[in-house]
Amino acid sequence: MARINVLGGEIPAGKWDTKFLFIDVFPEVVTNVGSEYRKLDLNTIKSAEMVDQEQIKSIASSAGWGIATGLAAGLLTGGLGLIAGGVAGAMAKGQRTEITFTCELNDGRKFIAATDSQTWKKITGIVMTPEDKRFKRDGLPTAEIAHI
C-alpha cells in the first residue's frame, strides 16, 4: 500500500495512505486528522525534491526470512546448515528504501515527508506530467472527505 509519512510543514503531519482508494491509480492520499479524514490531491503538487535516500533493514522480516531459510538448509545439511542459512537469510532480506523529500503544492504550501521508493516514483511521474495531462477522476468514494 502506498503511504506517505508527512513529517512537518503546512499540511497535517502523520501517515497518509490510499486505503480508501484504488491501489494503482493514485492521485490522492488520505489521512485521519483528529477523527476527521482529509485528502490531498497529488495532482496539485508543483514540485518535489529528494532530500535523502536511506536503506532500512527490517530486523523482524530479516529474522523471519532467516529462520525459514535456516530450517530449509538445516533439513538438507544438518545443524550447521541451519546456522548458515539463518545468517544468509537475515543478510539477504528485509531491506527497503525510504525516500525523504520536500514538496511544494500549487497554492504555495510546503511540507517534508518520507515514503517508499515505489511511491516516490509515482510522485515524480505526477510532477513531470504537465498539469493538463495529469490523470483526474470524479466520483470517488472519498468525495465527501474534506480537501486540506
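Residues numbered from 1 in each chain as written. Predicted model: local features only at pLDDT ≥ 70, side-chain atom pairs only at ≥ 80, totals over all residues. Heavy atoms only, no water.

Turning to the environment of Thr-31, a few remarks are in order. In this structure, Thr-31 sits in strand β3 (residues 28–33). Residue Thr-31 is classed as buried on the basis of its relative accessible area, which comes to 5%. Through-space distance from the C-alpha of Thr-31 to that of Trp-16 is 4.5 Å; in sequence the pair is 15 residues apart. Excluding anything up to four places from it in sequence, Thr-31 contacts Lys-15, Trp-16, Glu-36, Tyr-37 and Arg-38. (Helix = DSSP H or I, 4+ residues; strand = E, 2+ residues; numbered from the N terminus. Buried < 20%, exposed > 50% of the residue type's maximum accessible area, 1.4 Å probe, protein only. Contact = heavy atoms within 4.5 Å.)

So, about the pattern of salt bridges. Counted by the stated rule, this structure contains four salt bridges. Arg-38 is paired through a salt bridge with Glu-36; the nearest N and O atoms lie 3.2 Å apart. Under the relative-accessibility criterion, Arg-38 is labelled partly exposed at 24%. Taking relative accessible area as the criterion, Glu-36 reaches 40% and is therefore assigned partly exposed. As a salt-bridge pair, Arg-109 and Asp-107 come within 2.8 Å of each other at their nearest N and O atoms. (Salt bridge = Lys/Arg side-chain N within 4 Å of Asp/Glu carboxyl O.)

Next up on the list: the nonpolar core. If you look at the biggest cluster of nonpolar residues, it comprises 17 residues, and the most contacted ones within it are Ile-4, Leu-40, Phe-101 and Phe-111. Counting residues per element, the ones that place at least two in this core are β1 (3–9), β6 (95–105), β7 (110–116) and α3 (117–128). At four residues, the largest contribution of residues to this core is made by β6. Excluding anything up to four places from it in sequence, Phe-101 contacts Ile-4, Ala-48, Glu-49, Met-50, Val-51, Phe-111, Ile-112, Ala-113, Ala-114, Thr-115, Trp-120 and Ile-123. (Core = buried A, V, L, I, M, F, W, Y, C linked by side-chain atoms within 4.5 Å.)

Glancing now at the pairing of β3. Looking at chain direction, β3 and strand β4 (residues 36–41) are connected through six bridges and run antiparallel. When the sheet's bridge partners are listed, Glu-28 is paired in β4 with Asp-41. Turn length for the β3-β4 hairpin, with the two strands adjacent in sequence and antiparallel, is two residues, and the turn residue Gly-34 shows positive phi of about 55°. (Pairing = 2+ DSSP bridges.)

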